[in-house]
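Observations on the three-dimensional arrangement
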There are 2 protein chains.
Amino acid sequence: MAEAVTAQAARGAIGDSEFDRDTAVVRREPGVHDIDLSAGWTIAGAVNGGYLLAVLGRALADTLPHSDPFTVSAHYLTASRPGPAVIRTDVVRTGRTLSTGQASLFQYDDEGHEVERIRVLASYGDLDALPDDIRTSAEPPAIPPLDRCFDAQDGPAPVSGSSAIVERLMLRLDPATLGWALGSPSGKGEMRAWFGLADGRDTDPLALLLAVDALPPTAFELGLSGWVPTVELTVHVRSRPAPGPLRVSITTRNLAGGYLEEDAEVWDSADRLVAQSRQLARVRLS
Amino acid sequence: MAEAVTAQAARGAIGDSEFDRDTAVVRREPGVHDIDLSAGWTIAGAVNGGYLLAVLGRALADTLPHSDPFTVSAHYLTASRPGPAVIRTDVVRTGRTLSTGQASLFQYDDEGHEVERIRVLASYGDLDALPDDIRTSAEPPAIPPLDRCFDAQDGPAPVSGSSAIVERLMLRLDPATLGWALGSPSGKGEMRAWFGLADGRDTDPLALLLAVDALPPTAFELGLSGWVPTVELTVHVRSRPAPGPLRVSITTRNLAGGYLEEDAEVWDSADRLVAQSRQLARVRLS
């Protein structure tokens, strides 16, 4: 009994977890927030794009009259590094059910000048105020049970550089999309995984911003290697996720001219499609 | 022979057509463009969202060092009306292969104050500089030949109000997605059509911005009626379209909580997937 209580207390809780602490922004003045970007969410040395979205998402939630991101469009400008950053937000429009804002994250060059890393436009609302009506025709992804999926960490590292983020995520890949880690990519532009936070913190709309950009690139299963930088990523959050691990399915159908799209779907434990995203990314054709 | 020459001259040409004249922006000063939004591109009295994208796209092309939209993310704030508008653009970042800009379109309220209609973030590049490599796994939509598709104008108007845009588009709907016009929607979130400009002007990247938001809403085939306002729309332009009519396929998989997504694919006459878009729109559930 005492052990069970301790285990429960050790689990991350929404609002009191590493993810919450590492995305916390400090309001310096209206429209200006400071943050020290954590080295804990880096992949191959660069700050993960989904973590950045969550950071900007919190700054916007602190700026707009609505608290939940409904649609966030991000254009990635330069690679972010762990360390100090400033976020400048702007209220574009406020309405009864939706409000729209803009946010930019800046870091500093060697001479102390601000360099913009990422700019987003976002429309926020109240997920809990939406009607219950669901007429979704989409089906949850076919993915084996969690205990039959694999941790990509167990294979050889496909990208050099430290990837601290893998320690903070519970990511279990569908064996059918794990060929790249074993040297035999499937040739299909698909990646599927179970997703959660490693400390057991349940997911919320903010964690969905992280989930849509947390899997290995589909490009790996297409036989490409190396960095696949995001140019633009837009995510729609459609529902507050139920507790428990999420299923994330990513598909690429159009690899051409050195670019590809990644379409992500995120499903919760109640079989609800809770988020959709699409990104445009650059690839090195080889 | 004389007749053939006359017919050729009467066709719209890229740069010299109604679409080009109606999207032309006049630079007042750096970063500020004026336009009189044409009543010719209205649907149910409101200015079409794709026409607005094309207008903003031209202002950005006149602002950024690159001329082709690669990815444009638009958040729609208030409904635009025909008449004067001002566009304010901002260069966010310029790079060798991509540059990023922001644009807002404003109109005026009764007291002459500016009201923002739409704000976009966009990354531009040079489509002609991309490598030829294509590994697309997507298949062109199954749509009957153009002469076996139908003009939605021939059916009863599903939305009241003037819809001048239909006279300016060559839009021929797949009979399989035309049930709504005949009073028996299919129940599937699909809409497919052949698309072109009515005056025969060939399509270009700017016209692709129009094409992704030109079909009747998929909501009609889901049995819903009335206005489906766009909250956010992001389009990726992946290739300069070949001459000839385009095929546009739109799919909705997740209608829930009063919102739906519309995923569009645009294919050219050379069977190339030239654009992809996704929008989040509001529906009135009935």
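Residues numbered from 1 in each chain as written. Chains lettered and ligands numbered in written order. Predicted model: local features only at pLDDT ≥ 70, side-chain atom pairs only at ≥ 80, totals over all residues. Heavy atoms only, no water.

Let us now look at the pairing of strand β1 (residues 26-29) of chain B. Residues and elements named next belong to chain B. Where β1 lies against strand β2 (residues 32-37), three bridges are found, and the strand directions are antiparallel. The partner of Arg27 across the bridge, within β2, is His33. Between β1 and β2, which follow one another and run antiparallel, lie two residues, and Gly31 among them has a positive phi close to 85°. (Pairing = 2+ DSSP bridges. Helix = DSSP H or I, 4+ residues; strand = E, 2+ residues; numbered from the N terminus.)

Opposite charge on two side chains makes pairing possible when the charged atoms of those side chains draw close. All chains considered together, the criterion is met by 38 salt bridges over all chains. Between A:Asp204 and A:Arg201 there is a salt bridge, with its nearest N and O atoms 2.8 Å apart. For the pair shown, A:Asp204 and A:Arg201 are each scored as buried. B:Glu265 serves as the salt-bridge partner of A:Arg253, at 2.2 Å between the closest nitrogen and oxygen. Separated into two different chains, A:Arg253 in the loop between β12 (246-251) and β13 (255-256) and B:Glu265 in strand β14 (residues 259-267) make up a pair that spans both. In this structure, a network of salt bridges that share partners links the residues A:Asp263, A:Arg278, B:Asp263 and B:Arg278. (Salt bridge = Lys/Arg side-chain N within 4 Å of Asp/Glu carboxyl O. Buried < 20%, exposed > 50% of the residue type's maximum accessible area, 1.4 Å probe, protein only.)

Sites flagged by UniProt as "domain: Acyl-CoA thioesterase-like N-terminal HotDog" (unreviewed entry) map to residues 38-123 of chain A. For residues 38-123 of chain A, the end-to-end C-alpha separation is 26 Å, with 15% helix and 52% strand making up the annotated structure. (UniProt positions renumbered as here; feature names shortened; annotations may be inferred.)

Superposing chain B onto chain A requires a rotation of 180° together with a translation of 0.0 Å along the rotation axis, leaving an RMSD of 0.0 Å. Taken together, the turn and the small shift mark the pair as related by a two-fold rotation axis. Identified as the residue of chain B closest to the rotation axis by C-alpha distance is B:Ser73, at 3.2 Å. Both copies share a contact surface, since 100% of the interface residues of chain B are interface residues in chain A too. (Least-squares fit on C-alpha atoms with pLDDT ≥ 70 in both. Contact = heavy atoms within 4.5 Å.)

Residue and element names in this part refer to chain B. Where β2 meets strand β6 (residues 83-94), six bridges bridge the pair, whose relative direction is antiparallel. Each residue of the ladder has a partner; that of Val32, found in β6, is Arg88. Direction of pairing for β6 relative to strand β7 (residues 99-108): antiparallel, over a ladder of eight bridges. Paired with Val91 across the bridge in β7 is Gly101. The turn linking β6 back onto β7 is made up of four residues.

Each partner contributes residues to the interface: chain B has 57 residues there, and chain A has 57 residues. When chain B packs against chain A, the two sides together hide about 4,900 Å² of surface, and 50% of this comes from carbon and sulfur. Across the chain B-chain A interface, the total number found is six salt bridges. Counting across the chain B and chain A interface gives 41 residue pairs in polar contact (both at pLDDT 80 or more). Contributing elements (two or more residues each) for the side of chain B that touches chain A: β5 (68-76), β6, β7, β8 (114-125), β11 (230-237), β13 (255-256), β14 and β15 (273-282) of chain B. Ranked by residue count, the leading element in the side of chain B that touches chain A is β15(B), at seven residues. Here the residues of the side of chain B that touches chain A sort into 21 nonpolar, 20 polar and 16 charged. (Buried area = accessible area lost by both parts, 1.4 Å probe. Polar contact = N/O pair within 3.5 Å; in protein donor to acceptor, adjacent residues only side chain to side chain. Nonpolar A, V, L, I, M, F, W, Y, C, P; charged D, E, K, R; others polar.)

Looking now at the environment of B:Asp110. Residues and elements named next belong to chain B. As for its placement among the helices and strands, Asp110 is situated in the loop between β7 and β8. The exposure class assigned to Asp110 is exposed, which follows from its relative accessible area of 86%. Through-space distance from the C-alpha of Asp110 to that of Thr218 is 35 Å; in sequence the pair is 108 residues apart.

Among the surface-exposed residues, A:Arg282, A:Arg284, B:Arg93 and B:Arg96 lie close enough to one another that they form a single positively charged patch. Within the element layout of this structure, A:Arg282 appears in strand β15 (residues 273-282). Relative accessible area serves as the criterion here: at 30%, A:Arg282 is assigned to the partly exposed category. (Patch = residues over 30% accessible without salt bridge, like charges linked within 9 Å, V, L, I, M, F, W, Y side chains within 5 Å. Areas by Shrake-Rupley, 256 points an atom, 1.4 Å probe, with all protein chains shown as cover. Lys, Arg positive; Asp, Glu negative; His and termini not counted. Charge placed at Lys NZ, Arg CZ, Asp CG, Glu CD.)

Residues and elements named next belong to chain A. Its 13 residues place the ends of helix α3 (residues 49-61) 18 Å apart at the C-alpha level, agreeing with the 18 Å of an ideal helix rising 1.5 Å per residue. The element α3 is extensively covered by neighbouring structure, given that eleven of its 13 residues are classed as buried. Among the residues making up α3, those that are buried are Gly49, Gly50, Tyr51, Leu52, Leu53, Ala54, Val55, Leu56, Gly57, Ala59 and Leu60. Measuring from the backbone nitrogen of Gly50 back to the side-chain oxygen at the start of α3 gives 2.8 Å, which picks out Asn48 as the cap. (Expected span 1.5 Å × (residues − 1).)

Moving on, we get to the domain arrangement of chain A. Interface extent is often summarised as the accessible area lost during association of the parts. All names here are of chain A. In terms of domains, chain A is made up of domain 1 (2-127) and domain 2 (146-282). Using C-alpha coordinates to define each centre, domain 1 is positioned 20 Å away from domain 2. Of all residues in domain 1, the largest losses of buried area upon contact with domain 2 belong to Ile14, Phe19 and Leu127, amounting jointly to 18% of the total for that side. Its salt-bridge partner being Arg240, residue Asp68 comes within 3.1 Å of it at the nearest N-O pair. Among the elements of the structure, α2 (18-23), β3 (42-43), α3 and β5 (68-76) are those that each provide at least two residues to the side of domain 1 that touches domain 2. Within the side of domain 1 that touches domain 2, the residues separate by chemical class into 17 nonpolar, 14 polar and six charged. (Domains from an automatic or database assignment.)

This prediction gives chain A a mean pLDDT of 92; 92% of its residues lie at or above 70. Per-residue pLDDT stays below 50 along residues 1-9 of chain A; that stretch engages in zero contacts with residues further than four places along the chain or on separate chains. (pLDDT = per-residue confidence, 0-100.)

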